[in-house]
Amino acid sequence: MLIDGRGLDDGVELAADVCIVGAGAAGITLARALRGSGLDVLVLEGGGLEEDARLQSLYEGTMVGLDSWRLDRQRVRIFGGTTHHWSGWCTPLLPEDFEARAHIPESGWPIAYDDLAPYYVDAAELVQIDAGDWDGGALAGQEGLPVLPSPLGHLDTRLYKFSPPTRFGVRYRSDLENADDVDVVYRANLTHIALAPGGGSVDRLEVRVLDGPAFTVTAGRFVLALGGIENARMLLASSDRNPDGVSNGAGLVGRYFMEHPHLYEIPGWVAPAGVDVRFYEHHFSSTLGTDVRGGVGLTRETRSTEGLPDMVAGGVPPSSLDDPLDGVAPSMVRPLLRNADDAGFRRFSLRAEQRPVADSRVRLGSSVDALGIPRVELDWRVHPDDLAAYRRFADLVAAELGAAGVGRLWLPVDDGNRAEWHISGGGHHMGTTRMGASAADGVVDADCRSFEVDNLYLAGSSVFRTGGSANPTLTLVALALRLADHILEQGS
Amino acid sequence: MKRPSDRAAVAAPPRRDAPRRAGRREFLRTAASSLLSLPFVQILGCGEDGPNEPTPTPAWLNAAERGQAYPVDDATNAIADLGRRYLDQAAPHRDPMTVDALLDPVASRINDAPSDQAALEDLQAAVTDDFLALRMTRLEGWTLSDTELGLAALLYVVDASGA
């Protein structure tokens, strides 16, 4: 059942076996998976069923570090969450992304890729893509499309599959609306997490409808699925018992914020006429029945040997550029290029993993929103070593292009000069309630359960310990499915 | 000690028994255009040409055929300018030892080749080897092989010398 929070009585107490806060990709996935289990599920969603500017403004905040986007534009406060404007890119994390890598400090999830692999299959179904394997080179071979040659053996062909994209609030609305054991209260904003005496469990949630009633929720288990920024915000803001907030004994909540640094349309390469890059362009795969595109990454061995985070170069559709050469080619080189079509000049985007950095963080600002909750200050930082790593990645790609005779790379940035990189984000907010092997190095354990508050779980990309270069939606859906299995195993 | 402006001297007279070879400056312009425009314009097939065949002319130099081609001088001047910037970056004080180190490997390949065609092929192979060995230099955003930049620098020096 879907319930408009404005119709609730002020001061009412709602109860459930499981309370899920947030109806985005993670929250809806979890609620769907718990249907018919015998558990009484209550979902709270701060947004409405339609976009609402006042509700959306609750996401306003300040970027105090790398400043590439507005906090109230990259997330959507609506039933369905940010899938409402998701572009549909899907690819899983790599197996090595879960491992402790010597060159990525504080890497190493307490779960392995194999723990998540079966959930990736189910997640693929939910986002309406082919659930088969992710071997880009193999698919290109099946489709008769060439991949870029790699005479030095550094290049790895990645595969992205495209969701339609699935708008979770549209596609799965009826599933929740018709479920006897699931209630969704929308326009219901979490304002406070109240801990029980002793602080070891959540006693109740305090919830308020903007310009409407306030009420409380009690439950056996609580799952925060508010997104990579809001999860941390609400833990930090619930500071009546502890000034550092909830589940923050190690001071990790809000820290290790990660994005995928993107370099859009800055780098480029020139290719001789006839170089076939169709596999790297968005196209329909008749083999998979899904829209796909390839990406250029580095092999596991090269990343390990070179000590590099993951990074993928992908094409930028020519149609997105009026003049691909405009402002790019130095005047001395431009005459050689003649024009974009003849020269085969192509821009591409780079999407990179960043090392977890403790000082890259979500914290609370001094101003408050309309509900009285402190607004977010997001201090997004990228480690200087990452910039050198991105440059090294580009050099290796340049060497491969040159050695294979298929082009030259253009990337007008130097190591370590952050301003030159024009880094932007992809709306991928990760790491602020990271998964760890112990309370000393994580907010949640391998089951996404708080180390300190035993009936509190965190869902979504905030639990990512490292981000890889993969777009996070598929992984966070897979993690939500795995969390559902854990909750079901626990029973009521 | 040779000064940079003497670089044209590296282009030795053709051997008496050697196949016909273009003038040094002409060859440098063609070679630089061929190699440096290879990535930018198109791959030039030269492997099937015999050593006595004329140096292949980049298709884009045929303005009538290509229609929109830039004038030859614009392209070669651009390459020479690339060479100047390479020298500015790698040998900002034009130290002769440093300049020699940048130019001699390329000049030697040209001088030691039995024909223009062979020189072109040797230079092309050297460019590939550079990339395989990561002997590359970043210049104005481009990541180019040391051989192709040395060739551009040599063209610049020869042009500047008026040889």
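Our subject is the structure listed above.
Residues numbered from 1 in each chain as written. Chains lettered and ligands numbered in written order. Predicted model: local features only at pLDDT ≥ 70, side-chain atom pairs only at ≥ 80, totals over all residues. Heavy atoms only, no water.

Visitor: Quick question: what am I supposed to make of the overall build of chain A here?
Guide: Per the secondary structure count, chain A includes 13 helices and 20 strands. Burial statistics for chain A: of 492 residues in total, 62% are counted as buried. Long-range pairs, those at least 24 residues apart, make up 74% of the contacts in chain A with a sequence separation of at least 6. (Helix = DSSP H or I, 4+ residues; strand = E, 2+ residues; numbered from the N terminus. Buried < 20%, exposed > 50% of the residue type's maximum accessible area, 1.4 Å probe, protein only. Contact = heavy atoms within 4.5 Å.)

Visitor: Help me out: how do you make sense of the pattern of salt bridges in this one?
Guide: In a structure, side chains of opposite charge can pair up when their charged atoms sit close to one another. Tallied over the full model, the rule gives 39 salt bridges over all chains. For arginine 408 of chain A, the salt bridge goes to glutamate 148 of chain B, with nearest N and O atoms at 2.9 Å. Remark: glutamate 148 of chain B occurs in helix H6 (residues 146-161) and arginine 408 of chain A occurs in strand S19 (residues 408-410); the pair is interchain, linking two chains. Each of the two residues, arginine 408 of chain A as well as glutamate 148 of chain B, counts as buried. Residues joined in a network through salt bridges with shared partners are Glu96, Glu99, Asp156, Arg158, Arg300, Arg303 and Asp310 of chain A. (Salt bridge = Lys/Arg side-chain N within 4 Å of Asp/Glu carboxyl O.)

Visitor: Sorry if this is basic, but what is going on with the sheet that holds strand S18 (residues 374-379) of chain A here?
Guide: Whenever strands of a sheet pair, they do so through backbone hydrogen bonds, lying parallel or antiparallel. All names here are of chain A. With respect to topology, three strands assemble into an open sheet ordered S4-S18-S17, the strand pairing being mixed. Whereas interior strands pair on both sides, the edge strands pair on one side only; in this sheet they are strand S4 (61-63) and strand S17 (361-368). Here the strands of the sheet are splayed against their neighbours by 25° on average, with no regard to which way each runs. Bridge count between S17 and S18: five bridges; the pairing is antiparallel. Considered in S18, the bridge of arginine 363 is made with glutamate 377. (Pairing = 2+ DSSP bridges. Axes fitted to C-alpha atoms, helices over the stretch in contact; angles between N-to-C directions.)

Visitor: So what exactly am I meant to see when it comes to the environment of aspartate 129 of chain B here?
Guide: Of note, aspartate 129 of chain B is situated in helix H5 (residues 116-132). Look at aspartate 129 of chain B and you get partly exposed, because its relative accessible area is 41%.

Visitor: Explain unusual backbone geometry to me, please; I cannot follow it from the model alone.
Guide: Negative phi characterises most residues that are not glycine, and trans characterises most peptide bonds. Residue and element names in this part refer to chain A. Between proline 164 and proline 165 the backbone carries a cis peptide bond, its omega angle lying at 5°. Inspection of the secondary structure puts proline 165 in the loop between strand S6 (155-162) and helix H5 (168-171). Unusually for a residue other than glycine, serine 247 sits at a positive phi of about 60°. By the element assignment, serine 247 lies in the loop between helix H7 (230-237) and strand S11 (262-263). Its relative accessible area of 6% is what places serine 247 among the buried residues. In this model, cysteine 448 sits at a positive phi of 65°, which is unusual for a non-glycine residue. Inspection of the secondary structure puts cysteine 448 in the loop between helix H12 (418-421) and strand S20 (456-458). A relative accessible area of 4% means that cysteine 448 is categorised as buried.

Visitor: It is not clear to me how the packing of helix H11 (residues 384-404) of chain A against H5 of chain B should be interpreted in this structure. Could you clarify?
Guide: For any two helices packed against each other, one specifies the crossing angle of their axes together with the interaxial distance. Running from amino to carboxyl end, H11 of chain A crosses H5 of chain B at an angle of 155°, the nearest separation of the two axes being 8 Å. In terms of orientation, H11 of chain A lies roughly antiparallel with respect to H5 of chain B. Seen along the crossing, H11 of chain A lies across H5 of chain B with a hand that is left-handed. Between H11 of chain A and H5 of chain B, the residues in contact are Ala398, Ala399, Gly402 and Ala403 of chain A and Thr128, Phe131 and Leu132 of chain B, respectively. Looking at the contact of H11 of chain A with H5 of chain B residue by residue, the classes come out as five nonpolar, two polar and no charged. (Parallel < 35°, antiparallel > 145°, perpendicular 65-115°, else oblique. Left-handed = near helix turned anticlockwise from the far one by under 90°. Nonpolar A, V, L, I, M, F, W, Y, C, P; charged D, E, K, R; others polar.)

Visitor: Explain the environment of alanine 440 of chain A to me, please; I cannot follow it from the model alone.
Guide: Residues and elements named next belong to chain A. Residue position: alanine 440 is located in the loop between H12 and S20. C-alpha of alanine 440 to C-alpha of arginine 75: the two residues are 365 residues apart in sequence and 30 Å apart in space. Here alanine 440 is in contact with Ala250 and Leu252, once residues within four sequence places are set aside.

Visitor: Whenever I open this one, the packing of aromatic side chains confuses me. Can you help?
Guide: Given two aromatic rings, one states the distance between the centres and the angle between the planes to describe the pair. Residue and element names in this part refer to chain A. Enumeration over the complete set of coordinates arrives at eight aromatic pairs over all chains. Measuring from centroid to centroid gives 4.9 Å for tryptophan 89 and phenylalanine 162, while their planes differ by 65°, and the two rings are edge-to-face. Of this pair, tryptophan 89 sits in strand S5 (residues 89-90) while phenylalanine 162 sits in strand S6, and the two are 73 residues apart along the sequence. Each member of the pair, tryptophan 89 as well as phenylalanine 162, is classed as buried. (Phe/Tyr/Trp six-rings, centres within 6.5 Å; stacked < 30°, edge-to-face > 60°.)

Visitor: What am I meant to see in the pairing of S18 of chain A here?
Guide: Regular strands show a simple pattern: their side chains alternate between the two faces of the sheet. All names here are of chain A. The sheet contact formed by S4 and S18 spans three bridges and is parallel. When the sheet's bridge partners are listed, methionine 63 is paired in S18 with leucine 378. As consecutive antiparallel partners, S17 and S18 are separated by five residues, and within that stretch glycine 372 has a phi angle of approximately 85°, a positive value.

Visitor: Would you take a moment to explain the nonpolar core for this structure?
Guide: Nonpolar side chains tend to gather and get buried jointly when the protein is soluble and globular. Core analysis: the largest hydrophobic core is formed by 144 residues, its most contacted members being Ile20, Leu44, Ile193, Leu205, Phe215, Val217 and Leu378 of chain A. For this core, the element with the highest residue contribution is helix H13 (residues 473-490) of chain A, accounting for 10 residues. Look past the residues within four positions of isoleucine 193 of chain A in its chain and what remains in contact with it is Val202, Arg204, Leu205, Leu224, Met234, Leu235, Ser238, Asp240 and Val246 of chain A. Formed by 33 residues, the second largest nonpolar core is a distinct cluster that contains Ala31, Leu82, Leu149 and Ala152 of chain B. (Core = buried A, V, L, I, M, F, W, Y, C linked by side-chain atoms within 4.5 Å.)

Visitor: Before we go on, may I ask you to explain the state of the cysteines in this structure?
Guide: As used in these notes, a disulfide is a covalent bond between sulfur atoms, one from each of two cysteines. The tally for this structure, following the rule as stated, stands at zero disulfides over all chains. The thiol sulfur of cysteine 19 of chain A is not disulfide-bonded, and the nearest other cysteine sulfur, from cysteine 448 of chain A, lies at 17 Å. (Disulfide = S-S within 2.5 Å.)

Visitor: I would appreciate a short explanation of the side chain of glutamate 400 of chain A in the present structure.
Guide: Residues and elements named next belong to chain A. One can find glutamate 400 in helix H11. Nearest to the buried, unbridged glutamate 400 among oppositely charged side chains is arginine 392, at 11 Å. Residues within four places of glutamate 400 in sequence aside, it is in contact with Pro149, Ser150, Pro151, Leu152, Gly153, His154 and Leu155. (Lys, Arg positive; Asp, Glu negative; His and termini not counted.)

Visitor: In this structure, what is going on with the packing of helix H4 (residues 96-112) of chain B against H6 of chain B? I would like to understand it.
Guide: Residues and elements named next belong to chain B. For the pair H4 and H6, the least separation of the axes is 8 Å and the interaxial angle reads 90°. Viewed along their axes, H4 and H6 adopt a mutual orientation that is roughly perpendicular. Taking contact as the criterion, the partners of Leu102, Leu103, Val106, Ala107 and Ile110 in H4 are, on H6, Thr147, Gly150, Leu151, Ala153, Leu154 and Val157. For the contact of H4 with H6, the residue count by class is nine nonpolar, two polar and no charged.

Visitor: Is there a simple way to think about helix H3 (residues 113-126) of chain A in this case?
Guide: Along an α-helix, residues three or four positions apart point the same way, because every turn accommodates 3.6 residues. Residues and elements named next belong to chain A. In a regular helix each residue adds 1.5 Å, so 14 residues correspond to 20 Å; H3 covers 19 Å between its end C-alpha atoms and thus fits that length. Approximately 30° is the largest bend angle found in H3, and it occurs at tyrosine 119. Within the sequence span of H3, burial applies to Tyr113, Leu116, Tyr119, Tyr120, Ala123, Ala124 and Leu126. Positive phi appears at glutamine 128, one or two residues downstream of H3, with a value of about 65°. (Expected span 1.5 Å × (residues − 1). Bend = angle between axes of the 7 residues up to and from the residue.)

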